[in-house]
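Given next are the chains, with one letter for each unit.
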Amino acid sequence: MGRQQTYDAIVIGSGPNGLAAAVELAQAGQSVLVLEAKDMIGGGARSKELTLPGFVHDICSAVHPLGLASPFFQTLPLEQFGLEWIQPEINLAHPLDDGSAVILHRSIAATAATLGSDEDAYQRLMIPFVDNWETIIQAFLGPLRLKPLLHPFKLAPFVLAALSSAELLSDVAFRGPQARALLAGIAAHSMLSLSQPTSAAAGVLLATAGHVSGWPVPRSGSQAIVDALAAYLRSLGGEIRTSTEVKNIDDLPAADAYLFDVTPRQLLKIAGHRLPEGYKRQLRHYRYGPAAFKLDLALDGPIPWTAQECLKAGTVHLGGTFAEIAASEQQVQRGLPPEHPYVLIAQQSMFDPTRAPAGKHTAWAYCHVPNGSNFDMTARIEEQIERFAPGFRERILARHVTNPVALEQYNPNYIGGDFNGGKQDILQLFTRPTLRLDPYTTPAPDIFICSSSTPPGGGVHGMCGYFAAQSVLKQKR
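Residues numbered from 1 in each chain as written. Predicted model: local features only at pLDDT ≥ 70, side-chain atom pairs only at ≥ 80, totals over all residues. Heavy atoms only, no water.

Going by what an unreviewed UniProt entry lists, the protein is known as Pyridine nucleotide-disulfide oxidoreductase domain-containing protein 2 and is assigned to Dictyobacter alpinus. Quoted verbatim from the Function (unreviewed entry) field of UniProt, the annotation for the protein is "Probable oxidoreductase that may play a role as regulator of mitochondrial function." (UniProt positions renumbered as here; feature names shortened; annotations may be inferred.)

## Some points on the pattern of salt bridges
Charged atoms that come close allow side chains of opposite charge to pair. The full count for this structure, using the stated rule, is 20 salt bridges. For Asp-58, the salt bridge identified is with Arg-355, shortest N-O distance 3.2 Å. Of the two residues, Asp-58 is situated in strand E4 (residues 57-58) and Arg-355 in the loop between strand E13 (343-346) and strand E14 (361-369); the sequence distance between them amounts to 297 residues. One exposure class covers both Asp-58 and Arg-355, and it is buried. Among the ionic pairs, Arg-284 bridges to Glu-277, the shortest N-O distance being 2.9 Å. Residue classification places Glu-277 among the partly exposed positions, given a relative accessible area of 40%. Residues joined by salt bridges that share partners form a network here, namely Asp-58, Glu-84, Arg-219, Asp-352 and Arg-355. (Salt bridge = Lys/Arg side-chain N within 4 Å of Asp/Glu carboxyl O. Helix = DSSP H or I, 4+ residues; strand = E, 2+ residues; numbered from the N terminus. Buried < 20%, exposed > 50% of the residue type's maximum accessible area, 1.4 Å probe, protein only.)

## Concerning the packing of aromatic side chains
The tally for this structure, following the rule as stated, stands at 13 aromatic pairs. Arranged with centres 5.4 Å apart and planes meeting at 85°, the rings of Tyr-286 and Tyr-288 form a pair that is edge-to-face. For Tyr-286, a relative accessible area of 6% puts it in the buried group. Aromatic side chains Tyr-410 and Tyr-414 sit 6.0 Å apart centroid to centroid with 45° between the ring planes, which places their arrangement in the tilted category. On the basis of relative accessible area, Tyr-414 is assigned to the buried category, the value being 6%. (Phe/Tyr/Trp six-rings, centres within 6.5 Å; stacked < 30°, edge-to-face > 60°.)

## Describing the nonpolar core
Ranked by size, the top nonpolar core spans 78 residues in total, and within it Phe-73, Tyr-122 and Leu-259 carry the most contacts. Counting residues per element, this core draws most heavily on helix H10 (residues 223-235), which supplies 8 residues. Discounting chain neighbours no more than four positions away, the residues touching Tyr-122 are Leu-104, Ile-108, Thr-111, Ala-112, Leu-115, Phe-174, Leu-182, Ala-207 and His-211. (Core = buried A, V, L, I, M, F, W, Y, C linked by side-chain atoms within 4.5 Å. Contact = heavy atoms within 4.5 Å.)

## Focus on the environment of Leu-252
Following the sequence through the fold, Leu-252 ends up in the loop between strand E9 (239-241) and strand E10 (254-260). With a relative accessible area of 1%, Leu-252 lands in the buried category. Considered as a pair, Leu-252 and Ile-10 are 242 residues apart in the sequence and their alpha carbons are 8.5 Å apart.

## What about helix H14 (residues 378-388)?
Among the residues making up H14, those that are buried are Thr-378, Ile-381, Glu-382, Gln-384, Ile-385 and Phe-388. One side of H14 holds all its buried residues, which, seen down the axis, span an arc of 155°. The inward-facing, buried residues of H14 abut strand E6 (90-95), strand E11 (291-299), strand E12 (313-318), E13, E14 and strand E15 (396-402). (Arc of directions from axis to C-beta.)

## What about the sheet that holds E14?
As summarised here, the arrangement of the 7 strands in space is E7-E6-E12-E13-E14-E11-E15, forming an open sheet in which the pairing is mixed. Lying at the two open borders of the sheet, with one neighbouring strand each, are strand E7 (101-104) and E15. Taking the axes of each pair of neighbouring strands and ignoring which way they run, one obtains an average angle of 20° across the sheet. Note: E11 against E15, 6 bridges, orientation antiparallel. Opposite Leu-295, over in E15, you have Val-401 as the bridge partner. Sheet contacts for helix H8 (residues 177-187): E6, E7 and E12; angle to E6, the most-contacted strand, approximately 115°. Taken strand by strand, H14 contacts E6, E11, E12, E13, E14 and E15, and its axis lies near 60° from that of E11. (Pairing = 2+ DSSP bridges. Axes fitted to C-alpha atoms, helices over the stretch in contact; angles between N-to-C directions.)

## As for the pairing of E7
Neither face of E7 is open: one carries Ala-101 and Ile-103, the other Val-102 and Leu-104, and all of them are buried. Summarising the sheet, E6 and E7 pair through 4 bridges and their orientation is antiparallel. Residue pairing in the sheet places Ala-93 in a bridge with Ile-103 of E7. What sits between the antiparallel neighbours E6 and E7 is a turn of 5 residues, in which Gly-99 has the positive phi angle 90°.

Right, dumping it as structure tokens:
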């Protein structure tokens, strides 16, 4: 590639975090080059016709509660560059075997009304979180910082809930099966055992986001998010090159800073010779988490849910009761493919007509499996859908299967199929990828990490990239 041109910063990887870092630097007047190994930008936010012509599927991320809630994305004029958010009528539906469904509405009261004996308990739990949302998201959607922590009375209820296991929070807060099932399904986004500390964090954070800003989908696919970021970056003078794989940092053009939207394993390969042995040892001990096994389906019609409320929901959680979902996630932690998996469904075409031909639909579905698993979960996922939607299989026109190995081939950041950039348990929640005062820096003054292997971790929110860019700018002052 040569070293003729000099840049203020070069970003390796064009996922949402890499592009966010590039945008933040370009807004500060820095000259920025983004390099992407694949022939299209996007990382975990790409969309493609995976099954049949005219059926647009999100390859990884699909529903984006933290995308719309992201403090950084909120500052950007992405709508001017083609991004349009669609809000399904219902954020989330969680069907049960009796034909009913628990619903996460935008309204706390409407959600609580579906929870039977826990109607009041749910409101008592969630109202303080919604009221203090701005403080909460500033404190937890990033590294540990002093300023947000100066509001202990606003943060204390959320901190106590988030540090708990989902099992403990469920036992303390709720009595009935509906609220417990709802919490289990949302908390299981953590990809942790529901008995582990901090497994409740995803549950309370995503539920609160649902009440504050919804669980939206981008019109035309998740690709629209990164396309808008890229268009805005180019408008600021930033440069993007695709089909440019970086194997060695020494082959890159000269720059004051190199920001890597990669996980520790790739950083070691590309720039390990520039890092001290002690730091490399810490990176080698970084732990990756469970994987995803994913199905993309082209359908002849909507999924025939028994609970009709599911037809109004952008996201559907399948797995039944708290105990069933907990058992599924526990099997994954033990290295076993779950017999009755917890399944996440997104049905974007119900609300976005650009996703499928008229009268047809798409379904995006995945479950958790052990890292690197090669077990075929297709039948088990489809059995769970059929359980709550009899006749579902008859509507399948085509399917595209992505196992953990294929996920890593699609995106090298997904080590063993882990799309969170590393396990997000209590030991790696804020100390990712290493225990360091500024987790985006490395001992090499010109090498930075801006991927989901830094706080706040996985999700399309751009905050890892934003904070990494702030670290670069701080060093330049």
